[in-house]
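Commentary on secondary and tertiary structure
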Amino acid sequence: MKKCRVFSGMRATGLLHLGHLAGALTNWVKLQEDHDCYYSIVDWHALMSNYADSAETGKFCKDVLLDWLSVGLDPEKSCIFIQSHVPQHAELFLALSMIAPLGWLYRNPTYKEQIENLQNKDLSTFAFLGYPVLMAADILLYRAEKVPVGEDQSAHMELSREIVRRFNHFFGGGKEILPEPQTLLTPTPKVPGTDGRKMSKSYGNSLYISESPESMWNKLRVMITDPAREKRTDKGDPDKCPVWDIHKVFNKDMGQRAEIDKGCRTAGIGCVDCKKMLNAHIASMMEPIHERRARYEKDPNTLDDILANGAKRAERTATETMSDIYPAMGLISRADRVV
Ligand code: SF4
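Owing to the predicted nature of the structure, the values given are computational and were not obtained by experimental measurement.

1. Some words on the environment of Thr 321
Here Thr 321 shows up in helix α14 (residues 300-328). Look past the residues within four positions of Thr 321 in its chain and what remains in contact with it is Leu 140, Leu 141, Arg 143 and Leu 178.

Below, the structure written as structure tokens:
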């Protein structure tokens, strides 16, 4: 039976953290069991906001790849590749940009938000405005039926669907050249960083997937807690504590969680005890992940092979799609285009 096709990507911005693990990767690993998954390290997308500081983009791609493989993405099950290795992403981006109205792009709420939030970067570029058009191209190139994304990406997904409808309207002649992708909304559990804000590399508050057990504990040890618990004897409220938010995601021992909840409210346990318990859960979850990472790290050739095979497989599918798009748009498709 034909498996449902899934596409998703992550920007190449360096090491991934526990927020990525809980918010996306755990779901991706499950999806690869019964879906036809295409997972792309989207380096063009990374350049759209980091073009002024691009020297490490290649290294960041490798960081992401190692993190993906270590958490269990399997190149035998999923097509894993770097976006720029499949030139059809740029080609379809150009084709879709013919019909993407500027008004839609300027109205995109994520665009406005990013321009306001990232004031240290000059994002007034053609490419950054066109970010959702490239995202649409990424998805449509593989005719993906489902796209697992968090709530923050749903506006982009809606824009992708509108672009497909407009493309089919202009070039389909009543036929559907490209299918409308569906959003597979992934619940994104709250994983705060060590300072209580959203976990993000740019805040310097991240707990990384590749973090050594010692480094993980050193960060957790000083992580902020409920500010009411200044002294060991002060009673606290777990609902005001970012450490508790992380317990709720990674501590599956409900009995222990109930004890912590009570102990915190009655000052029966101290924050260090509570953090030690969390650290133990994270450490046991990370053990197989770090073992897998160490195996891949020893063999850089395997990493290159995975990327080369992924790109080849992705390019075959991408070529088939482009072979339909050229004639639909009134262009002559290259006769020797290899499928
Ligand atoms: S005991 Fe745990 S949940 Fe309560 S404030 Fe301390 S770290 Fe947070």
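2. Some points on the packing of helix α4 (residues 88-97) against α14
Viewed as axis vectors pointing N to C, α4 and α14 meet at an angle of 25°, and their least axial separation amounts to 10 Å. The pairing of α4 with α14 is recorded here as roughly parallel in orientation. For the element pair α4 and α14, the recorded crossing hand is left-handed. When α4 is examined against α14, the residues Gln 88, Glu 91 and Leu 92 are found in contact with a partner set consisting of Glu 315, Ala 318, Thr 319, Met 322, Ile 325 and Tyr 326. Broken down by class, the residue content of the contact of α4 with α14 amounts to 5 nonpolar, 2 polar and 2 charged.

3. Points about the nonpolar core
Taken as a class, soluble globular proteins show a tendency for nonpolar side chains to be buried jointly. Leu 18, Leu 25, Trp 68, Phe 250 and Ile 282 are the most contacted members of the largest nonpolar core, which has 51 residues in total. Per-element tally for this core: the top contributor is helix α3 (residues 57-71), with 8 residues. Lining this core are residues from two domains, each supplying at least three of them: domain 1 (5-191 + 300-336) and domain 2 (211-294). Contact partners of Leu 18, with chain neighbours within four places excluded, come to Val 191, Met 199, Leu 207, Ile 209, Met 216, Phe 250, Ile 282 and Met 286. In this structure, Cys 79, Phe 81, Phe 93 and Ile 325 belong to the second largest nonpolar core, which totals 44 residues.

4. Regarding the packing of aromatic side chains
All chains considered together, the criterion is met by 11 aromatic pairs. Look at Trp 28 and Trp 68: their rings are 5.3 Å apart centre to centre, the planes differ by 70°, and that puts the pair in the edge-to-face class. One end of the pair, Trp 28, is in helix α1 (residues 18-31); the other, Trp 68, is in helix α3, with 40 residues separating them in the sequence. A single burial state applies to Trp 28 and to Trp 68, both of which are buried. Each member of the aromatic cluster is reached from another via a ring pair, and the members are Phe 7, Tyr 38, Phe 81 and Tyr 142. Positioned above the aromatic ring of Tyr 203, the side-chain terminus of Arg 197 is 3.9 Å from the ring centre. Here the guanidinium or amino end of Arg 313 rests over the ring plane of Tyr 38, the centre of that ring lying 5.4 Å away.

5. Let's talk about helix α13 (residues 271-297)
Met 286 marks the point of greatest bend in α13, at about 35°, and the proline Pro 288 comes within the next four residues. Among the residues making up α13, those that are buried are Cys 274, Lys 275, Leu 278, Asn 279, Ile 282, Met 286, Ile 289, Arg 293 and Tyr 296. Looking at the buried residues of α13, the elements they touch are α1, α3, α10 (213-221), α11 (242-250), α12 (254-266) and α14.

6. Structural notes on the environment of Pro 148
For Pro 148, the location among the structural elements is in strand β4 (residues 146-149). Setting aside chain neighbours within four positions, we find Pro 148 in contact with Val 6, Phe 7, Ser 8, Asn 27, Trp 28, Leu 31, Leu 184 and Thr 186.

7. What about the site of the ligand?
Taken together, Thr 225, Asp 226, Arg 229, Cys 241, Val 243, Trp 244, Cys 264, Cys 271 and Cys 274 make up the full set of residues near the ligand. The site holding the ligand turns out to be the largest cavity. Elements represented by at least two residues in the shell around the ligand include exactly α11 and α13.

8. Observations regarding unusual backbone geometry
One non-glycine residue, Arg 143, lies in the positive phi region at around 50°. The residue Arg 143 is located in the loop between α8 (131-140) and β4 in this model.

9. Observations regarding the environment of Ala 95
Along the polypeptide, Ala 95 turns up in helix α4. Taking relative accessible area as the criterion, Ala 95 reaches 10% and is therefore assigned buried. Spatially, the C-alpha atoms of Ala 95 and Met 157 are 18 Å apart, while their sequence positions differ by 62 residues.

10. Here we look at a negative patch on the surface
Taken together, the side chains of Glu 113, Glu 116, Glu 151 and Asp 152 define an acidic patch exposed on the protein surface. Topologically, Glu 113 is positioned in helix α6 (residues 109-117). Since its relative accessible area comes to 46%, Glu 113 is described here as partly exposed.

11. Topic: the side chain of Ser 49
Take Ser 49: it is sitting in helix α2 (residues 43-50). The residues touching Ser 49, leaving out its near neighbours within four places in the chain, are Arg 11, Lys 121, Leu 123 and Phe 128.

12. Overview of the domain arrangement of the protein chain
Examined at the domain level, the protein chain breaks down into domain 1 (5-191 + 300-336) and domain 2 (211-294). Between the C-alpha centres of domain 1 and domain 2 the distance comes to 35 Å. Taken together, the contact pairs 14 residues of domain 1 with 10 residues of domain 2. Carbon and sulfur atoms supply 70% of the area buried between domain 1 and domain 2, which totals about 990 Å² over both sides. On the domain 1 side of the interface with domain 2, the three residues burying the most area are Leu 18, Ser 70 and Lys 190, jointly 49% of the side's total. Two residues, Arg 293 and Asp 67, come together in a salt bridge whose shortest N-O distance is 2.5 Å. Counting across the domain 1 and domain 2 interface gives 3 residue pairs in polar contact (both at pLDDT 80 or more). Taken together, the elements giving at least two residues each to the side of domain 1 that touches domain 2 come down to α1 and α3. With 6 residues, the top contributor of residues to the side of domain 1 that touches domain 2 is α3. When its residues are assigned to classes, the side of domain 1 that touches domain 2 shows 9 nonpolar, 2 polar and 3 charged.

Calculation criteria
Residues numbered from 1 in each chain as written. Predicted model: local features only at pLDDT ≥ 70, side-chain atom pairs only at ≥ 80, totals over all residues. Heavy atoms only, no water. Helix = DSSP H or I, 4+ residues; strand = E, 2+ residues; numbered from the N terminus. Contact = heavy atoms within 4.5 Å. Axes fitted to C-alpha atoms, helices over the stretch in contact; angles between N-to-C directions. Parallel < 35°, antiparallel > 145°, perpendicular 65-115°, else oblique. Left-handed = near helix turned anticlockwise from the far one by under 90°. Nonpolar A, V, L, I, M, F, W, Y, C, P; charged D, E, K, R; others polar. Core = buried A, V, L, I, M, F, W, Y, C linked by side-chain atoms within 4.5 Å. Buried < 20%, exposed > 50% of the residue type's maximum accessible area, 1.4 Å probe, protein only. Domains from an automatic or database assignment. Phe/Tyr/Trp six-rings, centres within 6.5 Å; stacked < 30°, edge-to-face > 60°. Lys NZ or Arg CZ within 6 Å of the ring centre and 35° of its normal. Bend = angle between axes of the 7 residues up to and from the residue. Near = heavy atom within 4 Å. 1 Å grid on protein atoms, 1.4 Å probe; cavity = no way out; pocket = protein on both sides within 12 Å on 5 of 7 lines; lining within 4 Å. Sits in = over half its atoms within 2 Å of the grid points. Patch = residues over 30% accessible without salt bridge, like charges linked within 9 Å, V, L, I, M, F, W, Y side chains within 5 Å. Areas by Shrake-Rupley, 256 points an atom, 1.4 Å probe, with all protein chains shown as cover. Salt bridge = Lys/Arg side-chain N within 4 Å of Asp/Glu carboxyl O. Lys, Arg positive; Asp, Glu negative; His and termini not counted. Charge placed at Lys NZ, Arg CZ, Asp CG, Glu CD. Buried area = accessible area lost by both parts, 1.4 Å probe. Polar contact = N/O pair within 3.5 Å; in protein donor to acceptor, adjacent residues only side chain to side chain.

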